[in-house]
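Close look at the chain arrangement
Residue-level listing of the chains:
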Amino acid sequence: MAGMAPHQGRKPDRKVSADRDVVALGIAAAAIILFVGTGGAAIPQIVRSLMGEGQKPDVLLVNAMLLNIALIIFGWRRYKELIGEIEERRLAEERARELAETDPLTGCLNRRSIGQETDRLIEAHHEVGGKVAFLMIDLDNFKQVNDYYGHSSGDRLLTTVSERISALLPRDGIVARLGGDEFACVVPWTGDGNDPIGPLAARLVEKVSMPVRIDDHPVEITVSIGIATNEHEPLDSSQLMHNADVAMYHAKKLGKNRCCWFEQALENALRTRQRLEQGIRQGLAKSEFVPFYEQQVDLKTGRLIGFEMLARWDNAELPGVGPSIFIPVAEEMGLIADLSFQVIGKALDDAKDWNPALTLSVNISPFQLRDPWFSQKLLKLLVQHNFPPERLDVEITENALLENVGLVRSMIASLRNQGVRISLDDFGTGYSSLAQLRSLPFDRLKIDRSFVSELRENGSGAKIVDAIVRLGDGLSIPITAEGVEDELILEALKRFNHLMVQGYHYGRPEPAAEVRKRLARLGLLADQSALAEVAATIEEERNRKQA
Ligand code: C2E
Ligand code: CA
Ligand code: CA
């Protein structure tokens, strides 16, 4: 409210001065008319009197004329003042407009004015068959500069960047700072097939990224640029800006420090991505993520050992979106832990119906292992679902070891202390070293299916399977071969001892209800095992009595 007072106070001032101007103008006009009247009569009298030819002029008439002259002078001065006031007001309005249209730090246009200017350029160049390119320019690592060296250094860097951009633009190009570390340029060109925009963008990437000293600190900054033009279809400023933004986002995704042209496919991919993200958020709220199960079998005996839980998304609007798509998106959205705990919770409930000798394997994303409280959270979930930790197997991939081996080591230790087992998944595809394998107490290695599938043709993967099995033997770590798709692969694996196998040969991953039916047929449901136990005890008792 305090801010409104001066604004409210200015209005009556203006009105009073305008009223005064009207009155002054009226008085001056009346004075001029009267002067014409009185002057017409008085001046000849005065002139004659001065020449000694006539009577003295009428005093009243002379006074009236003098008053008229005074009023005309007053009117003239007021007019001069008015001109000054109008000029002052014009300058103030110009300044206010300038402030509204430019970025105070760099002096470039701002987000509000770039749109109007772009539309103006589009229209002006359209008439002569010219085109307009919109370049969205985003600094890649500005936040670090701000965080390391402070905001005033950050401000100086932004000014330098805006100067570098302006220096490279053609005379009729415009530059704006859209906010934060985001700039935009609009460049008209003839549209005659010669492309000056690509080379300009490449120069911008190169020159803006040149090292600079800010407050005596060497600062290195890179930029990502998205380019959109109205070359192939008529677009207004907001569509151009949107397309350039989509292209810029893609440049970031490709690794930053580069420029990218807008393509419709990028827009479509972005829309799909947005639909996915929205779907995942809603799917989590509606508990749409469900566990499916893949059998894990002992190769030698053919006995069912347990199941690997694989997440599925039960969503009618996005059918067929599998974990290879939704897991990475959930990871990038920071929602993987919620999703994972949602499906694991359901799996723990499902597995309680199974024979207690059957194990449950779950996949854990490297993103989840960045949370120092991960093991505590998982153990808490086991307690909540009253699930014995000895039945749980946690699968982590080699990539998880890349990030923070120390954290992963302590997490493995605390889970193993409680009886949970840890498997190294997709072994052979990542970068884990022998030293890591020796220092991290894995309970099992899972050979990636890309190697296992090559057993069919006895390809080079077969030698890798061979080597991994030997490695496991040497380190006394049991091995699972995944991706056993058919009898051929199974036969090839039979030459190894003590392998656990899984794959489509034993059936596709299936939902909890199908698993129950399968286990019922095999007599491997929890209540069946309880019954079997009672029957065995009775039998044992009978045998003892008979003996
Ligand atoms: P993964 O952990 O390597 O899981 C094995 C994948 O191979 C599964 O794909 C499974 O359906 C497929 N598969 C199994 N046997 C065969 C076979 O004989 N041949 C072929 N071609 N494929 C076979 P799915 O279910 O699509 O899962 C893909 C990946 O998504 C998984 O790879 C895992 O990395 C990830 N994933 C699945 N569920 C979860 C989850 O709950 N959390 C996390 N973090 N990742 C999950
Ligand atoms: Ca797995
Ligand atoms: Ca795997």
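Computed from a predicted model, the values in this text were never measured in an experiment. (Residues numbered from 1 in each chain as written. Chains lettered and ligands numbered in written order. Predicted model: local features only at pLDDT ≥ 70, side-chain atom pairs only at ≥ 80, totals over all residues. Heavy atoms only, no water.)

**A short note on the overall build of the chain**
Counting its regular elements, the chain contains 19 helices and 17 strands. Relative to its length of 547 residues, the chain is extended, with a C-alpha radius of gyration of 42 Å against a globular reference of 24 Å. Taking the principal axes of the C-alpha coordinates as reference, the chain spans close to 170 × 55 × 50 Å. Put simply, 68% of the contacts in the chain that link residues at least 6 apart link residues at least 24 apart. A total accessible area of about 30300 Å² is found for the chain, and carbon and sulfur atoms account for 55% of it. Measuring between centres, the 64 positive side-chain charges of the chain sit 3 Å from its 77 negative side-chain charges. (Helix = DSSP H or I, 4+ residues; strand = E, 2+ residues; numbered from the N terminus. Rg over C-alpha atoms; globule rule 2.2 N^0.38 Å. Contact = heavy atoms within 4.5 Å. Areas by Shrake-Rupley, 256 points an atom, 1.4 Å probe, with all protein chains shown as cover. Lys, Arg positive; Asp, Glu negative; His and termini not counted. Charge placed at Lys NZ, Arg CZ, Asp CG, Glu CD.)

**What about the sheet that holds strand β2 (residues 131-139)?**
Strand order in the open sheet made by the 6 strands is β1-β3-β4-β2-β7-β8, with mixed pairing throughout. At either margin of the open sheet sits one strand with a lone partner, and together these are β1 (109-110) and β8 (259-261). (Pairing = 2+ DSSP bridges.)

**Quick word on the site of ligand 1**
By nearness alone, 21 residues border ligand 1, and Glu 294, Arg 312, Arg 449, Glu 485 and Tyr 504 come closest of all. Take Ala 311: an N or O atom from its main chain is 3.0 Å from a nitrogen atom of ligand 1. One of the side-chain nitrogen or oxygen atoms of Asn 363 is found 3.0 Å away from an oxygen atom of ligand 1. Those elements that provide at least two residues to the shell around ligand 1 are β10 (304-313), α9 (323-333), β11 (359-364) and β13 (421-427). (Near = heavy atom within 4 Å. Polar contact = N/O pair within 3.5 Å; in protein donor to acceptor, adjacent residues only side chain to side chain.)

**A few points about the coordination of the calcium ion (ligand 2)**
Protein coordination at the calcium ion (ligand 2) comes from Glu 308 (OE), Asn 363 (OD1), Glu 395 (OE) and Asp 425 (OD), with a distance range of 2.2 to 2.3 Å. When the donor residues of the calcium ion (ligand 2) are listed from N- to C-terminus, their spacing reads E-x54-N-x31-E-x29-D. Taken as a pair, the calcium ion (ligand 2) and the calcium ion (ligand 3) lie 3.7 Å from each other and share Asp 425 as a ligand. Remark: Asp 425 occurs in strand β13 and Glu 308 occurs in strand β10; sequence separation between them is 117 residues. Pair check on accessibility: Glu 308 and Asp 425 agree, each one buried. (Donors = N, O, S within 2.8 Å, 3.2 Å for Na, K, Ca; no water. Buried < 20%, exposed > 50% of the residue type's maximum accessible area, 1.4 Å probe, protein only.)

**As for the packing of aromatic side chains**
In the structure shown here, the tally under the stated rule is 9 aromatic pairs. Pairing Phe 289 with Phe 326 gives two aromatic rings, centres 5.2 Å apart and planes at 55°, and the pair type is tilted. Here Phe 289, found in strand β9 (residues 289-298), pairs with Phe 326, found in helix α9; they are 37 residues apart in sequence, far enough to count as distant. Taking the relative accessible area as the measure of exposure, Phe 289 reaches 0% and is therefore buried. When the ring of Phe 307 is compared with that of Trp 354, the centres are 4.8 Å apart and the planes differ by 55°; the resulting orientation is tilted. Here the residue Phe 307 occupies a position in strand β10, and Trp 354 occupies one in the loop between α10 (336-351) and β11, the gap between them amounting to 47 residues. With respect to class, Phe 307 is no different from Trp 354; both count as buried. Joined through ring pairs, the aromatic side chains of Phe 289, Trp 313 and Phe 326 make up one cluster. The ring of Phe 367 is capped by Arg 370, whose NZ or CZ atom sits 4.3 Å from the centre of that ring. The ring of Tyr 504 has Arg 508 sitting right over it, with the charged end atom 3.7 Å from the ring centre. (Phe/Tyr/Trp six-rings, centres within 6.5 Å; stacked < 30°, edge-to-face > 60°. Lys NZ or Arg CZ within 6 Å of the ring centre and 35° of its normal.)

**Quick notes on the coordination of the calcium ion (ligand 3)**
Ideal coordination angles are 109.5 degrees for a metal with four donors arranged tetrahedrally and 90 or 180 degrees for a metal with six donors arranged octahedrally. Within the first shell, the calcium ion (ligand 3) binds the protein through Asp 425 (OD), Asp 426 (OD), Glu 482 (OE) and Glu 482 (OE), at distances of 2.1 to 2.8 Å. All donors to the calcium ion (ligand 3) come from one chain, and their sequence spacing reads D-D-x55-E.

**Notes on the environment of Val 62**
Take Val 62: it is sitting in helix α2 (residues 59-101). Along the chain, Val 62 and Ile 46 lie 16 residues apart, while their C-alpha atoms are 8.4 Å from each other. If we ignore the near neighbours within four places in the chain, the residues touching Val 62 are Ile 46 and Pro 57.

**Details of the confidence of the model for the chain**
Summarising the model, the chain shows a mean pLDDT of 90, and 96% of its residues fall at 70 or more. Note that residues 1-12 has pLDDT below 50 and, in this model, 0 contacts with residues that lie over four places away or in other chains. (pLDDT = per-residue confidence, 0-100.)

**Details of the side chain of Asp 140**
Position of Asp 140 relative to the elements: it lies in the loop between β2 and α4 (142-149). Note on Asp 140: relative accessible area 12%, which makes it buried. A polar atom in the side chain of Asp 140 sits 2.9 Å from the backbone nitrogen of Asn 257. If near-sequence neighbours (up to four positions away) are discounted, Asp 140 is found in contact with Thr 222, Val 223, Ser 224, Lys 252, Lys 256 and Asn 257.

**Here's the deal with the pairing of β10**
Within β10, 9 of the 10 residues are buried, which leaves it mostly tucked inside the rest of the structure. Relative to β10, β9 runs antiparallel, the two being bridged by 9 bridges. Directly across from Val 297, in β10, lies its bridge partner Leu 304. Hairpin connection, β9 to β10: the antiparallel pair is bridged by 5 residues, and Gly 302 has positive phi, about 75°. Where β10 meets β11, 3 bridges bridge the pair, whose relative direction is parallel.

**Some words on the pairing of strand β7 (residues 223-229)**
Within β7, 7 of the 7 residues are buried, which leaves the element mostly enclosed by the surrounding structure. Burial along β7 is two-sided: Val 223, Ile 225, Ile 227 and Thr 229 facing one way and Ser 224, Gly 226 and Ala 228 facing the other are all buried. Across 7 bridges, β2 lies against β7 in antiparallel orientation. Across the sheet, Asp 138 pairs through a bridge with Ser 224, a residue of β7.

**As for the packing of α4 against helix α5 (residues 151-168)**
Two numbers describe how α4 lies on α5: the axes approach to 7 Å, and their chain directions differ by 140°. Taken together, α4 and α5 sit at an angle that is classed as oblique. Only His 151, Ser 153, Gly 154, Leu 157 and Leu 158 of α5 make contact with α4, whose side of the interface consists of Phe 142, Val 145, Asn 146 and Tyr 149. (Axes fitted to C-alpha atoms, helices over the stretch in contact; angles between N-to-C directions. Parallel < 35°, antiparallel > 145°, perpendicular 65-115°, else oblique.)

**A word on a negative patch on the surface**
Residues Asp 119, Glu 123, Glu 127 and Asp 236 make up a contiguous surface patch of negative charge. Checked against the element boundaries, Asp 119 lands in helix α3 (residues 111-126). In this structure Asp 119 comes out as partly exposed when scored by relative accessible area, which is 32%. (Patch = residues over 30% accessible without salt bridge, like charges linked within 9 Å, V, L, I, M, F, W, Y side chains within 5 Å. Salt bridge = Lys/Arg side-chain N within 4 Å of Asp/Glu carboxyl O.)

**Some remarks on unusual backbone geometry**
Non-glycine residue Lys 256 carries a positive phi angle of around 65°. Relative to the helices and strands, Lys 256 is located in the loop between α7 (237-253) and β8. In this structure, Ser 476 takes a positive phi of about 55° despite not being glycine. Mapping Ser 476 onto the fold places it in the loop between α16 (460-475) and β15 (479-481).

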